[in-house]
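Residue strings, one per chain:
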Amino acid sequence: MFSLETEIRVRYAETDQMGYVYYGNYATFFEVGRVETLRSIGFSYKSLEDQGIMLPVSNYTVKYLKPIFYDELITVKTTINKIPSVKIEFDYEIYNSKKELLSVANTVLVFVNKKTMKPCRGPEALIDKIKQF
């Protein structure tokens, strides 16, 4: 298991008229957590794409527990609980500055060969790095 916590300040444009974060913007918060988690172990989306590998999301689930408000500093905890193969799975928890759990989510992404557009095994270097944890 590998986890990383990423802080994000909620911008006004991410909220609705009630001052709550619009539900569709949560996916962006999770993407930031996912990208930074991979970057923290030495793999950027750009480097994977340069290797001819894309990572489309095949499944996304989210549960909203409490609202997130404009200008809140939130922490997105992103966890990889399973060794990837053809797919990689991320679990997320969002907390506010009071350490209250606001949302939980999960995404599954598939490693896809950019040329063939077919699923492929993830890069061995990435899999080996995750195995260390």
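Here, every reference points to the structure presented above.
Computed from a predicted structure; not experimentally measured.

Analysis parameters
- Residues numbered from 1 in each chain as written.
- Predicted model: local features only at pLDDT ≥ 70, side-chain atom pairs only at ≥ 80, totals over all residues.
- Heavy atoms only, no water.
- Helix = DSSP H or I, 4+ residues; strand = E, 2+ residues; numbered from the N terminus.
- Rg over C-alpha atoms; globule rule 2.2 N^0.38 Å.
- Buried < 20%, exposed > 50% of the residue type's maximum accessible area, 1.4 Å probe, protein only.
- Contact = heavy atoms within 4.5 Å.
- Areas by Shrake-Rupley, 256 points an atom, 1.4 Å probe, with all protein chains shown as cover.
- Lys, Arg positive; Asp, Glu negative; His and termini not counted.
- Charge placed at Lys NZ, Arg CZ, Asp CG, Glu CD.
- Core = buried A, V, L, I, M, F, W, Y, C linked by side-chain atoms within 4.5 Å.
- Patch = residues over 30% accessible without salt bridge, like charges linked within 9 Å, V, L, I, M, F, W, Y side chains within 5 Å.
- Salt bridge = Lys/Arg side-chain N within 4 Å of Asp/Glu carboxyl O.

Engineer: Can you break down the overall build of the protein residue by residue, with the values?
Structural biologist: Along its length, the protein carries 3 helices and 7 strands. The N-to-C order of helical and strand elements in the protein reads β-α-α-β-β-β-β-β-β-α. Compactness check: the protein gives a C-alpha radius of gyration of 16 Å against a globular reference of 14 Å for 133 residues, within 12% of the reference. For the C-alpha atoms alone, the extent of the protein along its principal axes is close to 45 × 30 × 20 Å. For the protein, buried positions account for 40% of its 133 residues. Of all intrachain contacts in the protein linking residues separated by at least 6 positions in sequence, the fraction that spans at least 24 positions is 66%. Entry remark: accessible area of the protein is about 7,700 Å², with carbon and sulfur atoms responsible for 53%. Treating the 18 positive side-chain charges of the protein as one cloud and the 16 negative ones as another, the clouds have centres 6 Å apart.

Engineer: Outline the nonpolar core, supporting the account with residue identities and numerical values.
Structural biologist: When a protein is soluble and globular, its nonpolar side chains tend to lie buried together. One finds Phe29, Ile68, Ile74, Ile88 and Ile94 to be the most contacted residues of the largest nonpolar core, which totals 30 residues. Contributing elements (two or more residues each) for this core: β1 (2-9), α1 (26-40), α2 (45-50), β4 (73-80), β5 (87-95), β6 (101-110) and α3 (124-131). Among the elements that line this core, the one with the most residues is α1, at 5 residues. Those residues in contact with Phe29 that sit more than four places away from it in its chain are Ile8, Val10, Glu14, Val21, Ile68, Ile74, Val76 and Ile94.

Engineer: Run through a nonpolar patch on the surface, naming residues and quoting values.
Structural biologist: A surface patch of nonpolar side chains, about 500 Å² in accessible area, is lined by Tyr22, Tyr23, Val57, Tyr60 and Tyr64. Residue position: Tyr60 is located in strand β3 (residues 57-64). What makes Tyr60 partly exposed here is its relative accessible area of 33%.

Engineer: Which residues make up the side chain of Thr78, and what are the values?
Structural biologist: Mapped onto the fold, Thr78 is located in strand β4. Thr78 sits in the buried class, given a relative accessible area of 0%. If we skip the residues at most four places from it in the chain, Thr78 touches Phe2, Ser3, Leu4, Gly33, Arg34, Thr37, Phe90, Asp91 and Tyr92.

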